[in-house]
Each structure stands twice: as C-alpha cells, then as structure tokens.
Amino acid sequence: MSVLVLAEHDNAELSPGLLNTIAAATQLENDVHVLVAGHNCRPVAEAAAKCAGVTKVRISDDPRYEHPLAEPLAALLVSVAGEYGHILVAASKFGKNVLPRAAALLDVAAISDISAVESADTFVRPIYAGNALATVQSGDTPKCISVRTTAFEEVAAEGGSASIEELPPAEDPAMSSFVSQDLTVTDRPDLSSARVIISGGRGMQSGENFKLLEGIADTLHAAIGASRAAVDSGYVSNDYQVGQTGKIVAPDLYIAVGISGAIQHLAGMKDSKVIVAINKDEEAPIFQVADYGIVGDLFKVIPELEAALRD
Amino acid sequence: MKVLVPIKRVIDANVKVRVKADQSGVETANVKMAMNPFCEIAIEEAIRLREAGHASEVIAVSVGETSSQETIRAALAMGADRGILVQSDAPLEPLSIAKLLKAVVEREQPGLVILGKQSIDSDNNQTGQMLAALLGWPQGAFASKLAIGDGKIDVTREIDGGLETLSLKMPAVITTDLRLNEPRYASLPNIMKAKKKPLDAMTPTDLGVDVSPRIKVLQVTEPPRRSAGVMVQSAKELVDKLRSEAKVI
Ligand SMILES: Cc1cc2nc3c(=O)[nH]c(=O)nc-3n(C[C@H](O)[C@H](O)[C@H](O)COP(=O)(O)OP(=O)(O)OC[C@H]3O[C@@H](n4cnc5c(N)ncnc54)[C@H](O)[C@@H]3O)c2cc1C
Ligand SMILES: Nc1ncnc2c1ncn2[C@@H]1O[C@H](COP(=O)(O)O)[C@@H](O)[C@H]1O
C-alpha cells in the first residue's frame with residue numbers, strides 16, 4: 001500500500017521538514033503521496049510535486065483549510081486513510097496536533113517522533129527525553145507516524161515530477177476557528193533546519209543581551225535558539241526553545257551560551273554534529289557533551305568570538 | 001461547569017533514567033516518582049478557573065497502578081476537589097487512556113478537560129488530541145493562555161512560528177504548554193485536608209473499555225553516548241579548531 005505524507009505549509013511555502021519526512025516515507029514504500037490541504041495553495045502543491053521520491057500530490061484547496069485547524073484536517077485524513085498503509089507527518093507542532101486526532105478517529109495507535117525505520121511495521125523512537133530508545137512494532141493499518149525530521153537526511157526539493165490530483169474537501173466539523181497569530185518575524189534560517197545554531201540560556205540575563213548573539217549569527221548564517229529558562233524569563237519568545245518539550249535540532253554546529261545543559265535541553269540538541277559550550281562554570285553538565293568548551297564569562301567571550309570569526 | 005484533569009504519575013524530571021540490562025524498559029525500582037509537570041500545569045489552570053468563578057468542581061483522574069493515588073492526592077492538595085483512579089497495572093497506550101478518559105467524561109459531563117501536552121516519560125504528546133477526537137470535541141493543544149467566553153473558549157497556543165489563538169466551541173479539550181501558568185506548591189494544611197477528599201477507584205472493565213495494546217515494545221536500549229571533548233583557552237583557538245579540525249565553519 002502507498003504511503004501518505006501530510007504537508008505542513010503556510011499556503012505559500014512548504015515547511016522544510018517535509019523533505020525529511022518524505023525520506024522516511026521512501027524507506028517504507030516506493031509509492032509516496034503528499035497531501036496538501038490549504039487555501040489558494042496551488043504553489044505549495046507544485047513545490048511538493050518536484051520533491052524527489054513523490055509519486056502523487058493530492059491537493060484539497062478550500063477555505064476551511066486556510067488555517068491548519070486539527071478538526072477539519074483530521075477529517076480529511078480520515079477520508080483517504082483507507083487507501084494507505086502508512087500516514088506520516090513531521091513531528092512538528094503542526095504534526096503533533098493533527099496526527100493523533102486522525103489516528104483516534106481511525107481507531108489506530110499513533111507512533112510519535114520516530115528516529116529510524118527498521119521495517120514497514122517496526123520503528124525506533126526516543127523516550128525519556130532521549131535517554132532511551134524504544135523499538136516498537138505496530139499491527140495497525142494505517143500506521144500513523146510522526147517523524148523526527150533531524151533523524152532523516154532530506155530528499156532533494158527539485159527533480160521530481162509527480163502528478164497533482166484534486167481531492168474534494170471532507171466534512172467540516174466547524175467547531176473551532178482561527179482568531180489571530182503572532183509569529184516571530186526573522187530573516188534567519190529556521191531553527192529546525194539551520195546548519196548552525198547559537199543558543200542562549202539564563203546566563204544571558206536579559207532579552208536585550210540576546211542581541212550579543214546576533215553578530216555571530218549573522219557571520220555564520222545561524223539560527224538563534226534558547227533554553228527553557230531563557231524563554232520562561234521572557235528573554236525571547238516560545239518558538240526559540242530547544243529541548244525535549246521545545247524544538248529538536250541537529251545542526252552541524254550548535255553553540256550553547258550560558259546554558260547549563262539540563263537533560264531536557266540536551267534532549268533537543270545532543271544529535272548536533274559539533275557542540276560548543278561557553279559557560280563560566282567548569283562543572284556545568286553541558287561540557288560533558290561538548291566537543292569544544294570555553295570556561296569563561298560569556299560577556300567577555302562572545303565579543304572575542306565575534307571578532308575572531310571576522311578575522 | 002466541572003473541569004476534568006487527567007494526570008499521570010511519571011519518573012521525576014530530575015532523575016537520570018537508566019535502561020534495564022535486559023532491555024525490557026527503564027529502571028523504575030526505588031526511583032523517585034512525581035506528577036508529570038504538564039499535568040501540574042493542567043491542575044493549576046483548572047483550580048484558577050474555579051477560583052475565577054468559571055468552574056464549579058475540579059476532578060483529577062489518573063490511570064495507573066494503585067500508587068497513582070499518591071499523585072491524585074498531590075493534585076487534591078493543590079486544590080482539586082475530588083479524585084478518580086482508574087486502576088491498571090500494565091502501562092497503557094495513549095489510545096487506551098483516551099478511551100478510558102472518554103468513559104469518565106461520559107459519566108462526569110465536564111465542560112472542559114485539561115490535560116498535559118506530553119508525558120515526560122513516554123514523550124507521546126497524543127492523549128489529549130485522541131480524547132478530543134473520540135468525544136467529537138474541538139482541541140486546543142499546547143495552550144499558553146485560556147479565555148472563557150459565552151459557550152466558547154479562546155486558546156492561545158504555542159506553535160513552531162510563535163503563537164496562535166483559536167476559538168473553540170465548548171465543551172472542549174485543552175492540553176497545556178509550559179507557559180500557561182506556574183503551578184502552586186501545596187501548603188501543609190492543604191496536604192492534610194487532601195487526605196479527606198473523596199477518591200473513587202474503578203477499573204477499565206467497570207468502564208467497559210477494551211485496552212488491549214496495539215503496539216509491541218520489542219526492546220529498549222541506551223542511545224549512543226557523546227563523550228566530552230576538549231577545553232580551549234580562547235575564542236581564537238576555538239575558531240581555529242572549528243575551521244581546521246571540525247571543519248564546520
Ligand atoms: C517538563 C519540563 C520540560 C522542560 N523542557 C525543556 C526544554 O524543552 N528545553 C530546555 O532548555 N529546558 C527544558 N526544561 C528545563 C530544564 O530542566 C532546565 O531548567 C533549563 O534547561 C535550564 O536552562 P539554562 O541552562 O538556561 O539555565 P540554568 O540551568 O540556570 O543555567 C544557566 C547557566 O549559565 C551559566 N552562566 C551564568 N552566567 C554566565 C556568564 N556570565 N557567562 C557564562 N556562563 C554563565 C551558569 O554557569 C549556568 O550553567 C524542562 C523542564 C521540565 C521540568
Ligand atoms: N495514565 C494516565 N492517566 C491520566 N492521564 C494521562 C495518563 N497518560 C497520559 N495522560 C494525560 O495525557 C497527557 C499527555 O500524555 P501523552 O499523550 O502520554 O504524552 C498527560 O499530560 C496527561 O494529562
């Protein structure tokens with residue numbers, strides 16, 4: 001049976017995690033369909049049709065899908081679920097919101113955040129903040145799965161030529177409506193797919209001080225992240241949080257500044273290729289996972305680092 | 001309006017968990033247990049709704065072993081009015097938990113169910129969304145702010161790009177994110193009072209729910225460990241190493 005991948009997008013662009021989710025899908029089956037539900041979202045469907053490995057794109061273009069509300073989207077998934085052996089989505093807030101709802105309507109289990117595909121029915125997923133890996137086998141059809149995108153190498157965004165088919169909208173449960181959104185506007189790369197990330201913690205002491213990280217972020221084309229403590233203290237907004245209950249990242253280079261390295265933070269970044277820690281406390285647990293550490297006052301080290309990078 | 005709050009007993013967030021040698025799971029013997037932190041936030045929010053006059057009663061429900069009574073007592077000590085234990089010795093999957101909770105909802109008829117967004121042990125992030133589906137109710141997942149209106153609730157949600165506000169028809173299911181509130185500590189007098197609050201017990205059979213598992217856990221293993229690297233003395237040395245040794249910049 002084919003695999004269906006639910007795409008996340010803003011009616012204009014695909015979220016980058018789709019490419020990694022397609023990669024996981026191609027490990028299951030050769031026939032990979034992408035579902036694009038939105039409003040005035042044709043460009044998104046066209047972009048999805050170009051992704052390597054995709055055989056068909058199904059587009060459901062209707063005002064009820066303008067905002068990604070869980071209730072109508074889950075109903076749409078249910079309307080096509082019978083055709084598929086697996087339904088996949090990136091384990092983003094979007095995916096985690098919609099997928100379990102669809103699974104319950106289908107009376108099947110959902111499998112969250114898989115980091116490896118062992119076979120068509122067996123998957124690996126981190127539990128306990130990544131301190132253990134569970135290998136799980138599911139007997140349900142379809143298998144509803146959210147994918148830890150950092151664990152799968154993305155497929156090419158170009159080169160494919162899938163067909164695009166219209167899918168009629170499903171019944172609208174009409175029990176929720178969109179009111180407003182308040183999104184962080186930035187020119188920096190997306191945290192979940194950035195090659196370099198520099199994150200600040202409680203040691204930054206204020207939101208104002210986060211500006212100190214911007215020079216380095218500019219030079220390295222880095223995304224800026226944060227620990228929960230920095231978010232809770234109001235230094236930066238919630239979308240910056242890296243960790244077990246925030247975003248999972250795995251860049252080539254992760255620079256942790258004034259972050260102690262609690263288990264919950266490590267859960268979100270310990271799969272980074274190279275980790276750098278800057279902390280004034282040489283006992284900070286972050287140094288146990290760092291490839292390179294500097295013990296020192298960040299307010300002294302950060303300007304020096306910025307200067308050294310410019311050299 | 002009643003508010004139902006499902007809470008889970010988990011290994012305390014500060015414990016460093018160990019995988020069992022036989023790879024059947026993680027070590028739970030003699031390990032400190034606690035209420036799942038997101039559930040504490042859910043209890044706190046429900047109590048605040050009662051204090052603000054929106055809710056008449058806060059009911060804490062937990063599915064688990066008899067020891068989950070302790071977790072329910074902790075919720076009662078925070079200020080929940082009454083508890084329900086659904087006894088199950090085997091750990092259940094989110095779909096089964098959601099079915100049990102649906103049966104409890106049908107008995108109690110709450111106007112709102114507030115769950116945590118995620119169990120910090122199994123890291124599922126599923127139960128609330130599944131319960132909402134089974135009830136045919138709308139869902140406000142990852143909430144950082146609630147505002148109750150006339151027959152509806154506005155929920156501000158933490159999403160990947162920032163914040164989003166939805167309006168849901170009531171009754172509804174909410175799951176909590178970290179910024180919704182800061183849970184209170186139970187005072188000593190309230191801990192004493194909690195011992196006298198009603199706590200009912202029932203079983204999945206009493207509720208008529210089939211909880212047979214859909215997923216088999218084949219093994220639980222330890223992830224590859226990262227080892228500590230080297231300390232460098234200066235920013236300049238760091239940049240040299242990142243360029244010539246690690247080759248990441
Ligand atoms: C349910 C739950 C979920 C959680 N989810 C997450 C999550 O997703 N992500 C997350 O990050 N956390 C999460 N946490 C919180 C986590 O447990 C830690 O509390 C948090 O990560 C600590 O943030 P921090 O390292 O910035 O702060 P702290 O632990 O306070 O560390 C600050 C560090 O800064 C250093 N420092 C201070 N001043 C300076 C200076 N001038 N120069 C250099 N160094 C300095 C200090 O030495 C210290 O090591 C969660 C906790 C719970 C209970
Ligand atoms: N055994 C349980 N008993 C009661 N509530 C639970 C149980 N398991 C999960 N929940 C609720 O569902 C939320 C999300 O859990 P999960 O879907 O397992 O990540 C938790 O924060 C609880 O509110």
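Preceding block: the structure.
Residues numbered from 1 in each chain as written. Chains lettered and ligands numbered in written order. Predicted model: local features only at pLDDT ≥ 70, side-chain atom pairs only at ≥ 80, totals over all residues. Heavy atoms only, no water.

Description of the site of ligand 2
All names here are of chain B.
Part 1 of the reasoning: Taken together, 17 residues are adjacent to ligand 2, and Pro 6, Val 63, Ser 119, Asn 125 and Thr 127 come closest.
Part 2 of the reasoning: Between ligand 2 and Ser 119 there is a distance of 2.5 Å, counted from an oxygen atom to a side-chain nitrogen or oxygen.
Part 3 of the reasoning: A distance of 2.9 Å separates an oxygen atom of ligand 2 from a polar backbone atom of Gln 126.
Part 4 of the reasoning: When isolated, ligand 2 has an accessible area of 480 Å², and the protein chains bury 98% of it.
Part 5 of the reasoning: Looking at the shell around ligand 2, the elements that each hand over two or more residues are β4 (57-64) and β6 (112-116).
Part 6 of the reasoning: With three residues, β4 is the single largest residue contributor to the shell around ligand 2.
Part 7 of the reasoning: In terms of residue class, the shell around ligand 2 is made up of seven nonpolar, nine polar and one charged. (Near = heavy atom within 4 Å. Polar contact = N/O pair within 3.5 Å; in protein donor to acceptor, adjacent residues only side chain to side chain. Areas by Shrake-Rupley, 256 points an atom, 1.4 Å probe, with all protein chains shown as cover. Helix = DSSP H or I, 4+ residues; strand = E, 2+ residues; numbered from the N terminus. Nonpolar A, V, L, I, M, F, W, Y, C, P; charged D, E, K, R; others polar.)

Focus: the interface of chain A and chain B
Part 1 of the reasoning: At the interface, 84 residues of chain A touch 76 residues of chain B.
Part 2 of the reasoning: Between chain A and chain B the total buried area reaches about 6700 Å² when both faces are included, carbon and sulfur atoms providing 54% of it.
Part 3 of the reasoning: Sorting the residues of chain A by area buried against chain B places A:Lys93, A:Tyr128 and A:Tyr292 first, and these three jointly supply 12% of that buried surface.
Part 4 of the reasoning: Summed over the shared surface of chain A and chain B, the number is six salt bridges.
Part 5 of the reasoning: When the shortest N-O distance is used, the salt bridge between A:Asp107 and B:Arg214 registers 3.1 Å.
Part 6 of the reasoning: Counting every contact that joins chain A to chain B gives 51 residue pairs in polar contact (both at pLDDT 80 or more).
Part 7 of the reasoning: Across the side of chain A that touches chain B, the residue classes break down as 40 nonpolar, 23 polar and 21 charged.
Part 8 of the reasoning: Judged from the seven bridges that link them, strand β11 (residues 176-183) of chain A and strand β9 (residues 162-169) of chain B form a sheet pairing that is antiparallel. (Contact = heavy atoms within 4.5 Å. Buried area = accessible area lost by both parts, 1.4 Å probe. Salt bridge = Lys/Arg side-chain N within 4 Å of Asp/Glu carboxyl O. Pairing = 2+ DSSP bridges.)

What to know about the nonpolar core
Part 1 of the reasoning: Among the nonpolar cores identified, the biggest contains 52 residues, and A:Leu77, B:Val86, B:Val113, B:Leu131, B:Val173 and B:Leu207 are the most heavily contacted of them.
Part 2 of the reasoning: For this core, the element with the highest residue contribution is helix α3 (residues 94-108) of chain B, accounting for eight residues.
Part 3 of the reasoning: If we skip the residues at most four places from it in the chain, B:Leu207 touches B:Val86, B:Leu100, B:Ala103, B:Val104, B:Arg107 and B:Met202.
Part 4 of the reasoning: Counting residues in hydrophobic clusters, the runner-up holds 44 residues, among them A:Ala25, A:Val44, A:Ile114 and B:Val19. (Core = buried A, V, L, I, M, F, W, Y, C linked by side-chain atoms within 4.5 Å. Buried < 20%, exposed > 50% of the residue type's maximum accessible area, 1.4 Å probe, protein only.)

Some details on the packing of aromatic side chains
Part 1 of the reasoning: Throughout the structure, instances matching the rule amount to one aromatic pair over all chains.
Part 2 of the reasoning: Between A:Phe210 and A:Tyr235, the aromatic rings sit 6.4 Å apart at their centres with planes inclined by 55°, giving tilted as the arrangement. Note that A:Phe210 is positioned in the loop between β12 (196-200) and α5 (212-220) and A:Tyr235 in the loop between α6 (228-232) and β14 (253-257), a separation of 25 residues in sequence.
Part 3 of the reasoning: According to the relative accessible area criterion, A:Phe210 is buried, its value standing at 5%.
Part 4 of the reasoning: Look at A:Tyr235 and you get buried, because its relative accessible area is 17%.
Part 5 of the reasoning: Across from the ring centre of B:Phe142, 5.9 Å away, lies the NZ or CZ of B:Lys117, which sits over that ring. (Phe/Tyr/Trp six-rings, centres within 6.5 Å; stacked < 30°, edge-to-face > 60°. Lys NZ or Arg CZ within 6 Å of the ring centre and 35° of its normal.)

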